[in-house]
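Structural overview
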Amino acid sequence: MDPHDSSVRLFVYESFRDTGRAPEVQSIAGHVGIEAGEVTRSLERLQASRALALTPVTMNIWMAHPFSAVPTPHRVEARGRIYWANCAWDALAIPSLLGGDATSRGRCGDCGEPLSFEFRAGELVSGEGLVHFVVPPRRFWENVAYT
Amino acid sequence: VETTAELGRLWYADRLRPDWQPKTADAMERILRQVGLTDPFWSVR
């Protein structure tokens, strides 16, 4: 992987971890020490390698799995802030990636009942449910938003 | 839920590491097998 791409990717993930949000292009450029145009090209290469996903047309950071840059029905409360997850799987993955205590909240995709899962030191300690994967792994990236 | 949480822990464990690289199909299969997802649905190829 291009060294700039690695730096951009890591900064994106560190920003999600530390703020719950995606960084702006200018912020990435300042941190990595490259021009904004090169950041955009780097983000496009990172999307091509499935390191993250950009919004269509505007090419903003949309997903750096398991984090989502936009609010979703799957939210994780940890470190005194809110993190958005892309799906139920990601909502159960963010706590372990952060490593601390967390509450993952969502709604049952079948009946709409509120769901809550508690994590201690990144480990699931309470909450019951069944996760339904609609898309098989070999097709995850055919339409990653649907996945 | 427990299986999915463990899958997420293993799948995303390296995302905050500077040396992250895209997972190979073999690496994906190892993780899926490790959490017991062996049905053909979970094939990555």
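Residues numbered from 1 in each chain as written. Chains lettered and ligands numbered in written order. Predicted model: local features only at pLDDT ≥ 70, side-chain atom pairs only at ≥ 80, totals over all residues. Heavy atoms only, no water.

Next up on the list: the environment of Thr-147 of chain A. Residue and element names in this part refer to chain A. Note that Thr-147 resides in the segment after β8 (123–126). With 122 residues separating them along the chain, Thr-147 and Val-25 place their C-alpha atoms 26 Å apart. Filtering out sequence-adjacent residues up to four positions away, Thr-147 remains in contact with Val-135, Arg-139 and Phe-140. Here the side chain of Thr-147 touches Phe-140 through a polar contact of 2.7 Å, landing on its backbone oxygen. (Helix = DSSP H or I, 4+ residues; strand = E, 2+ residues; numbered from the N terminus. Contact = heavy atoms within 4.5 Å. Polar contact = N/O pair within 3.5 Å; in protein donor to acceptor, adjacent residues only side chain to side chain.)

Turning our attention to the side chain of Asp-90 of chain A. With respect to the helices and strands, Asp-90 of chain A occurs in helix α4 (residues 88–98). It turns out Asp-90 of chain A is buried and unbridged, and the closest side chain with the opposite charge, Arg-15 of chain B, is 8.1 Å from it. In terms of polar contacts, Asp-90 of chain A uses its side chain to reach the side chain of Asn-86 of chain A, at 3.1 Å. Filtering out sequence-adjacent residues up to four positions away, Asp-90 of chain A remains in contact with His-65, Pro-66 and Ala-85 of chain A together with Tyr-12 of chain B. (Buried < 20%, exposed > 50% of the residue type's maximum accessible area, 1.4 Å probe, protein only. Lys, Arg positive; Asp, Glu negative; His and termini not counted. Salt bridge = Lys/Arg side-chain N within 4 Å of Asp/Glu carboxyl O.)

The next subject is the interface of chain A and chain B. At the interface, 33 residues of chain A touch 24 residues of chain B. Taking both partners together, chain A and chain B bury about 2400 Å²; carbon and sulfur atoms supply 69% of that area. Summed over the three residues of chain A that lose the most area to chain B, namely Trp-89, Pro-137 and Arg-138 of chain A, the buried surface amounts to 24% of that side. Taken together, chain A and chain B are joined by zero salt bridges. Taken together, the connections running from chain A to chain B amount to seven residue pairs in polar contact (both at pLDDT 80 or more). Of all the elements in the fold, those that place two or more residues in the side of chain A that touches chain B are α1 (3–19), α4 and β8 of chain A. (Buried area = accessible area lost by both parts, 1.4 Å probe.)

It is worth spelling out α4 of chain A at this point. Two residues of an α-helix separated by three or four positions point the same way, owing to the 3.6 residues in each turn. Within α4 of chain A, ten of the eleven residues are buried, leaving the element largely enclosed by the surrounding structure. Where α4 of chain A terminates, the next one or two residues include Gly-99 of chain A, which has phi positive at roughly 85 degrees.

For the rest of this paragraph, the subject is helix α3 (residues 36–48) of chain A. All names here are of chain A. An ideal rise of 1.5 Å per residue puts 18 Å on 13 residues; α3 measures up with 19 Å between its terminal C-alpha atoms. Where α3 is buried, its residues meet α1, α2 (25–32), β1 (53–54) and β2 (61–64). Count one or two residues on from α3 and you reach Arg-50, which has phi positive near 65 degrees. (Expected span 1.5 Å × (residues − 1).)

Let us now look at the pairing of strand β5 (residues 81–85) of chain A. Residues and elements named next belong to chain A. Where strand β3 (residues 67–68) and β5 come together, two bridges link them in antiparallel fashion. Residue Phe-67 lies in a different strand from β5, and its bridge partner there is Ala-85. By the bridge criterion, five bridges tie strand β4 (residues 74–78) to β5 in an arrangement that is antiparallel. Counted as the bridge partner of Glu-77 is Ile-82 from β5. Once β4 ends, the chain turns through two residues before running back antiparallel as β5, passing Arg-79 with a positive phi of about 55 degrees. (Pairing = 2+ DSSP bridges.)

Turning our attention to the side chain of His-65 of chain A. Take His-65 of chain A: it is sitting in the loop between β2 and β3. When near neighbours in sequence (up to four residues on either side) are disregarded, His-65 of chain A contacts Tyr-13, Asn-86, Asp-90, Trp-141 and Val-144 of chain A together with Tyr-12 and Arg-15 of chain B.

What follows concerns the packing of helix α1 (residues 2–11) of chain B against helix α2 (residues 25–34) of chain B. Residues and elements named next belong to chain B. The contact between α1 and α2 brings their axes to 9 Å, and the two run at 150 degrees. Considered as vectors, α1 and α2 are oriented roughly antiparallel to each other. Relative to α2, α1 is oriented so that their crossing is right-handed. Residue-level contacts link Leu-7, Leu-10 and Trp-11 of α1 to Met-28, Ile-31, Leu-32 and Gln-34 of α2. Each residue belonging to the contact of α1 with α2 can be placed in one class, and the counts come to six nonpolar, one polar and no charged. (Axes fitted to C-alpha atoms, helices over the stretch in contact; angles between N-to-C directions. Parallel < 35°, antiparallel > 145°, perpendicular 65-115°, else oblique. Left-handed = near helix turned anticlockwise from the far one by under 90°. Nonpolar A, V, L, I, M, F, W, Y, C, P; charged D, E, K, R; others polar.)

Geometry only, nothing functional implied.
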